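Here is how the chains run, residue by residue.
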Amino acid sequence: MRFAYRFSGLLGTVYRRGNLSFTRDGNSLLSPVGNRISLFDLKNNKCETLPLATRLNIVCVGLSPDGSLAILVDEEGAALLVSLIGKCVIHQFYFHKPVHSVSFSPDGKKFVVTKDNLAYLYHAPGKKREFNAFVLDKTYYGPYDETTCIDWTDDSKCFAVGSKDMSTWVFGAERWANLIYYSLGGHKDVIVACFFEENSLDLYTISQDAALCVWQCDTELDGLKPMPPKDAAKEKKAAEDDEELLEEPKGEEIHGKADPSEEETRNKVKYSRVAKYFFNKEGDFNNLTAAAYHKRTHLLVTGFASGVFHLHELPDFNLIHSLSISDQRIASISINCTGDWIAFGCSGLGQLLVWEWQSESYVLKQQGHFNSMVSLAYSPDGQYIVTGGEDGKVKVWNTSSSFCFVTFTEHNSGVTAVTFTSTGYVVLSASLDGTVRAFDLHRYRNFRTFTSPRPSQFSCLAVDSSGEIVAAGSQDSFEIFIWSMQSGRLLDVLAGHEGPISSLSFNPMKCVLASASWDKTVKLWDMLDSWRTKETFIINSDVLVVAFRPDGKELAVAALNGQITFWDHDNAVQTGSIEGRHDLQMGRKELDKITAKQAAKGKSFTTLCYSADGQSILAGGLSKFVCIYNVKEQILMKKFEISCNHSLDAMEEYLDRRKMTEFGSMALIDEGGGGDEGVAIPLPGVKRGDMSYRHFKPEIRVTCVRFCPTGRSWAATTTEGLLLYSLDSGLIFDPFELDIDVTPSNIRKTLSQKEYTMAIVMAFKLNEKKLIQEVIEAVPSSEVDVVCSSLPDLYVEKLLEFLASAFETSCHLEFYLIWAHKLLMLHGQKLKTRSVKLLPVIQFLQKSIQRHFEDVSKLCEWNIYNIKYALAISQQRGMKRAAEETPGDEEELDSDSDYLMQEAH
């Protein structure tokens, strides 16, 4: 089995913090998700997470006007220049201090970065390759406190910067004779946003106390005069002299004054405040937290700490619309280029909403789990993933679009386990609230609720292969409860364990249940023989998780001592073991008193899963690594580092000595008097941080791993969200039984001689996907039957796998369906004998066909509805107008309706 799994998507988290940005065409939205960035394609209803990551959480994103480049800046000021076309990092830069905002000029030639109380103007990276992509042009001094926002004029001549000192500064991107800098006051609180009017120097400033000031400028943009050459040369020489004294070039410096002298303001641009408006009614104290302005339509959108947003038309300040979209603070707002769609990000609950204000409807409404995810399960065809979280919600995600399409909120406490039944249309979830619930994915409702006679907290869940028997383990009464799915009645209570039940698993082939407990035993229960204990395995340590191999012939058990043991359960013999504690490679938390090496002695794997073919096993626990082991050889095949985000705790093996003082770790110091920052010591055993404190660092951990039934991907629920890893087949040359005569030219020559079977066999030997596609698409549809019948058995399986992957991208739907149909009809009996081995391939094929079936059936239903509607309208129109129209018009209408009738038939 190949292990070329690559990160392919992040589900379950749609927005963390930072600014949202629409792409140039207005159809896609960039959203920062922790230390990664997700691109939401709103037109095609798809989400993609770019395969790159910063070292810490992203706090601001700058998008170039042409939409090809983005600058991502993290909490410490480390920046990545990213190509959105190639989806790769072009350049890395360190700003040395936290950055508040980044903004490209509308012409794309410059960008401004604000940090502390300064604004830095850089030359934007060009089309040619450069040694240093970030070249500093000018440094602007002016505000006394930290800067908060930036906005440019439409012609890129000037920009405005808002500050926490309640002032707004207008700076010239070039040294204009009548505008170098200008300071505006008039507010009583922090400036949240400032916006220029379209093709004008007129300015709107908005402060946190929900006040809007309208500033009128006495000069048009065309009225900005360039500085005389003599003065410009003198200033340039002075700047160069300064640079010679400095170790690093700072660029040209512009020092602004809040109260310049009369001589300095003579013949310069002047601003006057023409209006001041207040958003809050009298006695209402609702902080304004975010704002966005669409210049062409004069639309102002403002978001508040209470989750309310307002739409106003400027400059008259007419309220168009007001709506509450959340009960949490709105952290970011963005408007697309047409002004139709407005994106809102709420960092408290991790919500992302896109609202179409004219039709008053949601284009996108997504929210992840509020607390960390605990468990996940794949549907039998691998098309959907269900997740359960500590917030009591059960969410179902589509793996192809990466969107959540249904959320069940019936549980009153944390969900501990979720699973699909074999049909794929029923989801089961167990919770600490003492219920196991069954949800129907056809009608999206909770149709069964299973409970125990005495209230119990359920810690694990399993359902048999027929979907008839549901089992759940209790962590307080040490019993296993068995229910019937059909009737919802409790069938039996299995007692025998002397500790909390940690894991349950049904044998896929027999009606045998394996239960693991903290009493250091694994028990096998025969469901058909009065639920008696069939076998008891004694393990050296507390058992945490148990899993059956897909063919049901082997049992894997992970214990508290870090060992994974394998058992032949029919003969009650241990067949092997893996000592996996050292492979976990624990990190040290900021406030840990002991080293990571010592802490690792008490750590173990908390989740296990066999691969689809049963040859390898996936294991994860309280660390940033997921390990894949070969079961037969009992060796580590590959380790996946699921995160490099140092904003999470326990990421590094050793503590940073720079953060250690004689009084202890700097992490103990509670920074900031009630702002966004600050750290607190968590209670012992708390894994997700103490929510009552101003700031907490969640610990990195893997709570659940699962292999996709198709064998082409696996998923892990982590502190960051639901991570998907898929086989990236495009970059690997993996030939099969290759010999010297198999070359692309020879394959094409064989194809031209119409020896189709031989050409297909040769193409599979070379195993180049594009070449295989070329050969198969060259076979005439009339010849498919003959080619399929003469194809060797070994290549039937390979061809089925290729067809399944081709369905995902190709537009030749009917052609590939003919291939799949003929192969399965002609080789069905032989394939049935190897059904266990071939199951992942068949499920992959089923998933691809099912997705197309759903898309095409929706389209057909829509078309049928439209035709019926057109017919009904034409017939009605003919009836209504018969009395008042001339005979000639009536004939015309009749012919129209006849034509539509013929079209429909």
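Residues numbered from 1 in each chain as written. Predicted model: local features only at pLDDT ≥ 70, side-chain atom pairs only at ≥ 80, totals over all residues. Heavy atoms only, no water.

Looking at the overall build of the chain
- Of regular secondary structure, the chain possesses 12 helices and 59 strands.
- When each of the 905 residues of the chain is scored for burial, the buried share is 51%.
- In the chain, the share of contacts with a sequence separation of at least 24, taken over all contacts with a separation of at least 6, comes to 49%.
- Total accessible area on the chain stands at roughly 42,800 Å², and carbon and sulfur atoms take up 50% of it. (Helix = DSSP H or I, 4+ residues; strand = E, 2+ residues; numbered from the N terminus. Buried < 20%, exposed > 50% of the residue type's maximum accessible area, 1.4 Å probe, protein only. Contact = heavy atoms within 4.5 Å. Areas by Shrake-Rupley, 256 points an atom, 1.4 Å probe, with all protein chains shown as cover.)

Examining empty space enclosed by the protein
- The tally for this structure, following the rule as stated, stands at two cavities of 30 Å³ or more.
- The volume enclosed by the largest cavity comes to roughly 40 Å³.
- Lining the largest cavity we find Asp793, Val796, His827, Lys830, Leu831 and Arg834.
- At the level of elements, helix 9 (793-809) and helix 10 (813-833) are the ones that each hand at least two residues to the lining of the largest cavity.
- In terms of residues, the lining of the largest cavity owes the most to one element, helix 10, which gives three residues.
- Looking at the second largest cavity, its volume works out to about 30 Å³.
- Leu30, Ile37, Leu50, Ala70, Leu72, Val82 and Leu84 are the residues that line the second largest cavity. (1 Å grid on protein atoms, 1.4 Å probe; cavity = no way out; pocket = protein on both sides within 12 Å on 5 of 7 lines; lining within 4 Å. Points joined across faces, edges and corners; volume = space filled by probe spheres on them.)

A short note on the nonpolar core
- Counting residues in each nonpolar core, the largest one holds 39 residues, and the members touching the most others are Ile760, Ile776, Leu799 and Trp819.
- Among the elements of the structure, helix 5 (744-752), helix 6 (756-766), helix 7 (769-778), helix 8 (784-790), helix 9, helix 10 and helix 11 (835-881) are those that each provide at least two residues to this core.
- Among the elements that line this core, the one with the most residues is helix 9, at nine residues.
- Residues within four places of Ile760 in sequence aside, it is in contact with Val775, Ile776, Val779, Val787, Leu791 and Trp819.
- Ranked by size, the runner-up nonpolar core spans 23 residues in total, among them Leu10, Val33, Ile700 and Tyr725. (Core = buried A, V, L, I, M, F, W, Y, C linked by side-chain atoms within 4.5 Å.)

Let's talk about the confidence of the model for the chain
- Across the chain, the average pLDDT comes to 84, with 86% of residues at 70 or higher.
- Scored below 50 in pLDDT, residues 238-248 makes four contacts in the model with residues more than four places away or belonging to other chains.
- Predicted confidence is poor over residues 880-905, with pLDDT under 50, and the contacts of this stretch with residues over four places away or in other chains come to 14 contacts. (pLDDT = per-residue confidence, 0-100.)

Topic: the environment of Ser611
- Tracing the sequence through the fold places Ser611 in the loop between strand 51 (605-610) and strand 52 (616-621).
- A distance of 2.6 Å separates polar atoms of two side chains, one belonging to Ser611 and the other to Asp613. (Polar contact = N/O pair within 3.5 Å; in protein donor to acceptor, adjacent residues only side chain to side chain.)

Some thoughts on the pattern of salt bridges
- Taken as a whole, this structure holds 21 salt bridges when the rule is applied.
- Here Lys157 makes a salt bridge to Asp155, at a shortest N to O gap of 3.8 Å.
- The exposure class assigned to Lys157 is partly exposed, which follows from its relative accessible area of 21%.
- Between Arg712 and Glu801 there is a salt bridge, with its nearest N and O atoms 3.5 Å apart. Within this pair, whereas Arg712 is found in the loop between strand 57 (702-707) and strand 58 (713-718), its partner Glu801 is found in helix 9, the two being separated by 89 residues in sequence.
- For Arg712, a relative accessible area of 16% puts it in the buried group.
- One connected set of salt bridges, linked through shared partners, spans Lys110, Asp137, Lys138 and Glu174. (Salt bridge = Lys/Arg side-chain N within 4 Å of Asp/Glu carboxyl O.)

Quick look at the sheet that holds strand 36 (residues 426-431)
- The strand order across the open sheet built from four strands is 35-36-37-38, with neighbouring strands paired in antiparallel fashion. For this open sheet the edge positions go to strand 35 (415-420) and strand 38 (445-451), each flanked by a neighbour on one side alone. Pairs of neighbouring strands in the sheet enclose a mean axial angle of 20°, with direction left out of account.
- As judged from the six bridges shared by strand 37 (residues 435-440) and strand 38, these two strands associate in the antiparallel manner. Pairing of Asp440 across the sheet is with Arg445, part of strand 38. (Pairing = 2+ DSSP bridges. Axes fitted to C-alpha atoms, helices over the stretch in contact; angles between N-to-C directions.)

Structural notes on the state of the cysteines
- Tallying each qualifying case throughout the model produces zero disulfides.
- With no disulfide of its own, Cys217 has Cys158 as its nearest cysteine by sulfur position, at a separation of 8.6 Å.
- Using a relative accessible area of 10% as the deciding quantity, one classes Cys217 as buried. (Disulfide = S-S within 2.5 Å.)

Considerations on the packing of aromatic side chains
- In the structure shown here, the tally under the stated rule is 47 aromatic pairs.
- Judged by centre distance (6.0 Å) and plane angle (75°), the rings of Phe7 and Tyr725 are edge-to-face. Highlighted residues: Phe7 in strand 1 (residues 5-11) and Tyr725 in strand 59 (residues 722-727), separated in sequence by 718 residues.
- With a centroid separation of 5.6 Å and an interplanar angle of 85°, the aromatic rings of Phe458 and Trp483 are classed as edge-to-face. A residue pair is termed long-range when its members are at least 10 positions apart, and Phe458 in strand 39 (residues 458-463) and Trp483 in strand 41 (residues 480-484) qualify at 25 residues.
- What makes Phe458 buried here is its relative accessible area of 0%. (Phe/Tyr/Trp six-rings, centres within 6.5 Å; stacked < 30°, edge-to-face > 60°.)

Details of helix 5
- Those residues of helix 5 lying buried are Ile747, Thr750 and Leu751. What you see down the axis of helix 5 is that its buried residues fit within an arc of 100°, all on one side. Across from the buried face of helix 5, at angles greater than 90 degrees, the exposed residues are Lys749 and Ser752.
- Where helix 5 is buried, its residues touch helix 6 and helix 7.
- Positive phi appears at Lys754, one or two residues downstream of helix 5, with a value of about 65°. (Arc of directions from axis to C-beta.)

Some remarks on unusual backbone geometry
- Leu314 connects to Pro315 through a cis peptide bond whose omega is 0°.
- Along the chain, the position of Pro315 falls in the loop between strand 25 (308-313) and strand 26 (318-324).
- A positive phi angle is found at Asp116, which is not glycine, with a value near 50°.
- Turning to its location among the elements, Asp116 is positioned in the loop between strand 11 (110-115) and strand 12 (118-123).
- With a phi angle near 55°, Gln634 is a residue other than glycine that sits in the positive phi range.
- Tracing the backbone through its elements, the reader meets Gln634 in the loop between strand 53 (625-630) and strand 54 (635-641).
- With relative accessibility at 29%, the residue Gln634 sits in the partly exposed group.

A word on the sheet that holds strand 7 (residues 69-74)
- Ordered in space as 6-7-8-9, the four strands form an open sheet in which the pairing is antiparallel. With partners counted over all chains shown, the strands left at the sheet margins are strand 6 (58-63) and strand 9 (88-94), one partner each. Across this sheet, the average inter-strand angle for adjacent strands is 20°, counted without regard to direction.
- As defined by bridge partners, strand 8 (residues 78-83) adjoins strand 9 across six bridges and the pair is classed as antiparallel. From the neighbouring strand, Ala79 faces strand 9, where its bridge partner is Phe93.

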